[in-house]
Amino acid sequence: MNKQGGTLIIGAGPAGLAAASELAKAKKELVVIEKADQVGGLSKTYTFQEGEFIFRTDNGPHRFFSQNPYLYQFLSTLLQEQWLEVNRQTRQYIDGKFYDYPVRPLQALANIGPAKALSFIYQYVTAQIQYKLLRKPIKNFEDYIIAHFGKGLGRFNMINYTEKIWGVPASTIHADWAKQRIKGLSIGLLIKATLKGFLQPLKTRQVRSLVDVFYYPEYGTGLIYEKIKSQLIDQGHQIYTNSHPTAIHHDSKRITKVMVNNSGVEEVYEPDQLIESIPIESFLKLLTPAPPIEVQEAASKVKYRDQVYLFITLDRDQVTRDQWIYFPETKIPFGRISEMKNFSQKMSPLGKTSLFVEFFCFKDDEIWNKSKEELLELTMKYLEPWKFCQRSEVLGCHLIKQEKVYPIYDTNYQDYLSIIKNYLNQFSNLYYIGRPGRFRYTNQDHSLEMGMLAARSIIDNQRYNIEDVGKEQEYYERGIWKK
Ligand SMILES: Cc1cc2nc3c(=O)[nH]c(=O)nc-3n(C[C@H](O)[C@H](O)[C@H](O)COP(=O)(O)OP(=O)(O)OC[C@H]3O[C@@H](n4cnc5c(N)ncnc54)[C@H](O)[C@@H]3O)c2cc1C
C-alpha cells in the first residue's frame, strides 16, 4: 500500500493482526503500525537469555479457549503441529492449602472444615432470603456475589481476589464484571456437578471439556502473532514496529489523515479505512479537531488497572504441575504465579523452570516503583516458607511493567462509555476494536473475532456488529464439551 487508500491498522495485538490477516486473505491493501518493538500486544511472548539458557514467558498465563470453531480452524491451520493440547491443572492457594480451580466442592469442603462450611451455608441461606425473597436489589459486583454464593464463600475466594485485581472495593465495581466471569455458575450448578461426578458411570466421566484441556502454541502464545506477522510480510505487506500515530484528522464524518511517527520519521497516511486497537481514551486525544467537551469529559473517566510482573528463572526442574496458581488473600502481595514449562516444555531449558509472578497495581504506586531486587525479596518471603523454591535456586529475575492492562468497570462505566462510542460511531471509515480499543475485558478469542469482523465489514462493504462480540456472557470456565 502506498500512503493513500487501503486500510491502516494501528496496533498489532491479536485484534489488529487478525484484521490484517483477514484483509490480506482477501487481497486487500493494508499497513500495520505498532508502537512496541514486538507484535502480540498483551499476548506477546518474551524471550530471556540466562547465560547459555533461553527462557520464554507470556505476559501472564494465556490459555486459548473459544466457543467459535472458526478460530480453532484458523489457529490450527496457522500453527499446525505446534498447536499443543495441554492437560490443565490450575489451583488456588488459600490459608496454606491448595484448592482446585475451577472449584471441586467436595475437596473444598474437606479443606475448609465443618465449622467454616456450616457458616458458609448459613450465610448462603441468609443471602437467599435477602436477595430472592425480600428482593434486595443487586447494585454492584459485591451484591451479585453475595446473592449467588453468600457472604462467607463470596469473600473466601471471589470478592477478595476481585478487590486485589482492581484495587477498589467490590461495592464500586459493576455487576457486569461478575456476569462476564461467572454468569451461570451457582451453588446449584456446583452441587449438580458433584452429584453428576458420583452418579456418572466411570466411562463417561472420562469425557473431558475444554476446561480440562486447552490449546497452546509450543513456543508461547506470542507464536500465533509472530506467525501472522511472517505470513503478512511474505505476502508483501508492511508491519512497522516502534511506530505510533501523532495526530488523527477528521471531517466529523470520516477519518481523513493520520500523522505517524515511524521509528522517528514523520509520515502521513490518507487511508480509505482505519482499524485501530489503541486505548479508547488515547485515541480520542489524537483526534483533530478535538471531540466535543462532553466526550472529553467522558474520556477522562476511563480508568485501568496496571500490572508489574517478576519473571524468575530457576535452576530446578519443576516447582508444581500447575500452569498457574491464584493467591486470593489480600495479605499476599501478588495475585497469581504461572509456571510456563507446564504449558509447553519448550518454554524452559531442560532441567530448569521459571515462575511468572503477577502484581496488580496502579502506575506510580508503591508496587509499581519497586525495583526487581525489592520485588524478588518480597516474593521469596512467601515462596521459601511455602517450599515453592529456594533463594539459592534463582538464576535471574526480570521486571516487566504493563500499563492499562485491565479496564475498570466501575458502576457508571456504561454511561460514559456510551457517550464515547456514540461519538466514535459517527466516523464511517473507522473500526475501533480489541480490549483497549473498545474498553472491554476480552480474551484473545474475542479480540481475534473483533479484528476479523472489522476486516469482513471492509471486504463485504457491510458493517457487522463488533459491539456484540463476546456478549454471550456465561460462566467462562464451563467450556465447550469436546467430541
Ligand atoms: C495477565 C493476563 C492474562 C491473560 N490470560 C489470558 C488467557 O488465559 N487467555 C486469553 O485468551 N487471553 C488472556 N489474556 C487477554 C489477552 O492478553 C488479550 O485479550 C489480548 O491480548 C487483547 O488483544 P487486543 O489486540 O485487543 O489488545 P492488546 O493485546 O492490548 O493489543 C493492542 C496493541 O496496540 C498497541 N498500541 C497501543 N497503543 C498504540 C499506539 N498509540 N500506537 C500504536 N500501537 C499501539 C499495543 O502496543 C498492542 O500491541 C490475558 C491478559 C493478561 C494481561
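Coordinates for the structure precede this section.
Quick caveat, the model's predicted, so the values are computed rather than measured. (Residues numbered from 1 in each chain as written. Predicted model: local features only at pLDDT ≥ 70, side-chain atom pairs only at ≥ 80, totals over all residues. Heavy atoms only, no water.)

K.L.:
Where do I start with the state of the cysteines in this structure?
P.N.:
One covalent bond between the sulfur atoms of two cysteine residues makes up a disulfide. Counted under the stated rule, the structure contains 0 disulfides. Looking at cysteine 397, it has no disulfide partner, and the nearest cysteine sulfur is the one in cysteine 389, 12 Å off. By relative accessible area, cysteine 397 is classed as buried at 11%. (Disulfide = S-S within 2.5 Å. Buried < 20%, exposed > 50% of the residue type's maximum accessible area, 1.4 Å probe, protein only.)

K.L.:
I would appreciate a short explanation of unusual backbone geometry in the present structure.
P.N.:
Glycine aside, residues mostly have negative phi angles, and peptide bonds mostly take the trans form. Residue threonine 288 is joined to proline 289 through a cis peptide bond whose omega torsion reads -5 degrees. Take proline 289: it is sitting in the loop between strand E14 (287-288) and helix H12 (293-300). Of note in this structure, lysine 387 is not a glycine but carries a positive phi near 65 degrees. Among the secondary structure elements, lysine 387 is positioned in the loop between helix H13 (372-383) and strand E19 (394-407). At phenylalanine 439, a position not held by glycine, the phi torsion is positive, near 50 degrees. (Helix = DSSP H or I, 4+ residues; strand = E, 2+ residues; numbered from the N terminus.)

K.L.:
Explain the site of the ligand to me, please; I cannot follow it from the model alone.
P.N.:
Taken together, the neighbourhood of the ligand is formed by 33 residues, with Glu34, His62, Arg63, Arg435 and Ser447 sitting nearest. Within the backbone of lysine 35, a nitrogen or oxygen atom sits 3.2 Å from a nitrogen atom of the ligand. The backbone of threonine 442 places a nitrogen or oxygen atom 2.8 Å from an oxygen atom of the ligand. Sorting the residues of the shell around the ligand by element identifies helix H1 (14-25), strand E10 (243-250), E19, helix H15 (434-438) and helix H16 (444-460) as the ones contributing at least two each. Classifying every residue of the shell around the ligand by side-chain character gives 11 nonpolar, 16 polar and 6 charged. Here the shell around the ligand spans two domains, since at least three of its residues come from each of domain 1 (7-37 + 241-300 + 410-468) and domain 2 (47-64 + 304-407). (Near = heavy atom within 4 Å. Polar contact = N/O pair within 3.5 Å; in protein donor to acceptor, adjacent residues only side chain to side chain. Nonpolar A, V, L, I, M, F, W, Y, C, P; charged D, E, K, R; others polar. Domains from an automatic or database assignment.)

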